[in-house]
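What the coordinates show
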Amino acid sequence: MHILVTGGAGYIGSHATRMLLDLGYQVTVIDNLSTGYKDAVDKRATFYEEDIHHTENLTTILRKEQIDVVIHFAAFSLVGESMTKPLKYYENNVSGTASLLKSMVDAQVKNIVFSSTAAVYGDQKVMPITEEILPNPTNTYGATKLAMEEMMKWTSIAHNINYVSLRYFNVAGAHHSSEIGESHNPETHLIPIILQVPLKERDAISIFGTDYDTFDGTCIRDYIHIEDLIDAHIKAMIYLVNGGKSDVFNLGSGSGYSVRQIIEAAEFVTNQTIKTKEEAKRAGDPAKLIASSDKAKNILKWEVKHPKVEDIISSAWAFHQSHKGGFSQ
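Keep in mind that this is a model prediction, so the values were computed, not measured.

What to know about the environment of glutamate 264
- Along the polypeptide, glutamate 264 turns up in helix 8 (residues 259–270).
- The class for glutamate 264 is exposed, based on a relative accessible area of 52%.
- Measuring from C-alpha to C-alpha, the distance between glutamate 264 and alanine 9 comes to 31 Å, with 255 residues separating the pair along the chain.

Examining the pairing of strand 4 (residues 69–72)
- What you see with strand 4 is no split at all: Val69 and Ile71 on one side and Val70 and His72 on the other are buried throughout.
- The sheet contact formed by strand 1 (residues 2–6) and strand 4 spans four bridges and is parallel. Residue pairing in the sheet places valine 5 in a bridge with isoleucine 71 of strand 4.
- With four bridges joining them, strand 4 and strand 5 (residues 111–117) adopt parallel strand pairing. Pairing of isoleucine 71 across the sheet is with valine 113, part of strand 5.

What about unusual backbone geometry?
- With omega at -5°, the peptide bond leading from methionine 127 into proline 128 counts as cis.
- A positive phi is found at glutamine 66, a non-glycine position, where the angle reads about 50°.
- Along the chain, the position of glutamine 66 falls in the loop between helix 2 (55–64) and strand 4.
- For glutamine 108, which is not glycine, the phi dihedral falls at a positive 60°.
- For glutamine 108, a relative accessible area of 63% gives the class exposed.

Observations concerning the sheet that holds strand 3 (residues 46–49)
- Taking strand neighbours across the sheet as the criterion, the seven strands line up as 3-2-1-4-5-6-11 in an open arrangement whose pairing is parallel. Every other strand in the sheet has two partners, leaving strand 3 and strand 11 (247–251) as the edge strands with one partner each. Each strand axis lies, on average, 20° off the axis of its neighbour in the sheet, ignoring direction.
- Where helix 5 (residues 140–159) meets the sheet, it contacts strand 4, strand 5, strand 6 (162–168) and strand 11, and its direction lies at approximately 160° from that of strand 5.

Some points on the packing of aromatic side chains
- The full count for this structure, using the stated rule, is two aromatic pairs.
- Each ring, one from phenylalanine 76 and one from tyrosine 89, has its centre 5.7 Å from the other, and the planes form 55°; the classification is tilted. Pair noted here: phenylalanine 76 is in the loop between strand 4 and helix 3 (79–84) and tyrosine 89 is in helix 4 (residues 86–107), with a separation of 13 residues, a long-range link. Just as phenylalanine 76 is buried, tyrosine 89 falls in that class too.
- Ring geometry for tyrosine 239 and phenylalanine 249: centres 6.1 Å apart, planes at 90°, overall edge-to-face. Within this pair, whereas tyrosine 239 is found in helix 7 (residues 226–241), its partner phenylalanine 249 is found in strand 11, the two being separated by 10 residues in sequence. Like phenylalanine 249, tyrosine 239 is buried.
- Positioned above the aromatic ring of phenylalanine 249 is the side chain of lysine 295, whose terminal nitrogen or guanidinium carbon lies 5.2 Å from the ring centre.

Regarding the sheet that holds strand 14 (residues 288–289)
- As summarised here, the arrangement of the three strands in space is 12-9-14, forming an open sheet in which the pairing is mixed. Edge positions in the sheet fall to strand 12 (257–258) and strand 14, since each has one partner strand and no second.
- Across two bridges, strand 9 (residues 220–221) lies against strand 12 in antiparallel orientation. Bridge pairing in strand 12 places isoleucine 220 opposite serine 258.

Re the nonpolar core
- Counting residues in hydrophobic clusters, the biggest one holds 38 residues, and the most contacted among them are Ile12, Leu20, Leu166, Leu229, Ile230, Met237 and Leu251.
- At the level of elements, strand 1, helix 1 (11–22), strand 2 (26–31), strand 4, strand 6, helix 7, strand 11 and helix 9 (294–300) are the ones that each hand at least two residues to this core.
- No other element matches helix 7, which puts nine residues into this core.
- Setting aside anything within four residues of it in sequence, one finds isoleucine 230 in contact with Ile12, His15, Ala16, Met19 and Phe73.
- Core analysis: the next-biggest nonpolar cluster, separate from the first, contains 26 residues, Ala172, Ile207, Tyr212 and Val309 among them.

Details of the packing of helix 8 against helix 10 (residues 309–322)
- Running from N to C, helix 8 and helix 10 cross one another at 60°; their axes reach a closest spacing of 9 Å. Taken together, helix 8 and helix 10 sit at an angle that is classed as oblique. Here the hand of the crossing between helix 8 and helix 10 comes out right-handed. The residues of helix 10 that touch helix 8, namely those facing Ile262, Ala265, Ala266, Phe268, Val269 and Thr270, are Val309, Glu310, Ile313, Ser314 and Trp317.
- Of the residues belonging to the contact of helix 8 with helix 10, the class tally is eight nonpolar, two polar and one charged.

Thresholds, definitions, all that
Residues numbered from 1 in each chain as written. Predicted model: local features only at pLDDT ≥ 70, side-chain atom pairs only at ≥ 80, totals over all residues. Heavy atoms only, no water. Helix = DSSP H or I, 4+ residues; strand = E, 2+ residues; numbered from the N terminus. Buried < 20%, exposed > 50% of the residue type's maximum accessible area, 1.4 Å probe, protein only. Pairing = 2+ DSSP bridges. Axes fitted to C-alpha atoms, helices over the stretch in contact; angles between N-to-C directions. Contact = heavy atoms within 4.5 Å. Phe/Tyr/Trp six-rings, centres within 6.5 Å; stacked < 30°, edge-to-face > 60°. Lys NZ or Arg CZ within 6 Å of the ring centre and 35° of its normal. Core = buried A, V, L, I, M, F, W, Y, C linked by side-chain atoms within 4.5 Å. Parallel < 35°, antiparallel > 145°, perpendicular 65-115°, else oblique. Left-handed = near helix turned anticlockwise from the far one by under 90°. Nonpolar A, V, L, I, M, F, W, Y, C, P; charged D, E, K, R; others polar.

Take it as geometry only, folks, not as evidence of what the structure does.
Shown next, in the form of structure tokens:
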């Protein structure tokens, strides 16, 4: 089976590419390298430096490579930036996905696994969050992902394209080889930013908001190891190929950790003190997000193999120690 991975030079896409190849699948990667790194793409994959907005080129690639399934990661994903540049996010995320789906229709590719987000839920009061809860995004990033999901639903009805949308919570960690991991420029995700302190790349970690309605006043999030996340994508792909119906699934560990708890866990893993500084809340940040992944466990037969946040941080720490400054290209 031949898989197209869009955004395959990014953090999550590069891990999907590697794990698919290790399982014996044929993989083609498309990435415009606006935020991804070619060095992160496994050399066994066929690579195209291409933008998914280029519909005709994308259709040609889908036909030439005889793609069976698309796994779609290509999107901008910075919550803060999405609030100040909303049109940039609608243009890239929503318009790009429209182009991809048009290419799939033209090339008659019938299955897509989509990288969605828990940000579609917004600030919910009932935890854990199930798929039955009505989405109510509080930031532009989440709103664009919800729009992409809706687009897939209507395209599925009109053109018989089957999709699985995976709404995941905070992804972290690195491949067990430590050869690939999380590398963004600039870095905005909590765990790699925290690790920049013991790596001597920053003096302190900022805590944005200390008066949230949580037990210690800081935001609580559900963290999932990158390898568990990719395992769910592979199971979703197999589910679709075997005739599974289009659906939406949450992916998370089911446990919530506050910002302060993550910092404490990082201090334990690195055996170093991590200085902090308190700052104002950021726009669009919900107080608490914890997933119920029962649906994915029951239907996709998925399970969390790395439930301890210390294990997630430990894998990230191993990667960052061997790749100081991240990828170069």
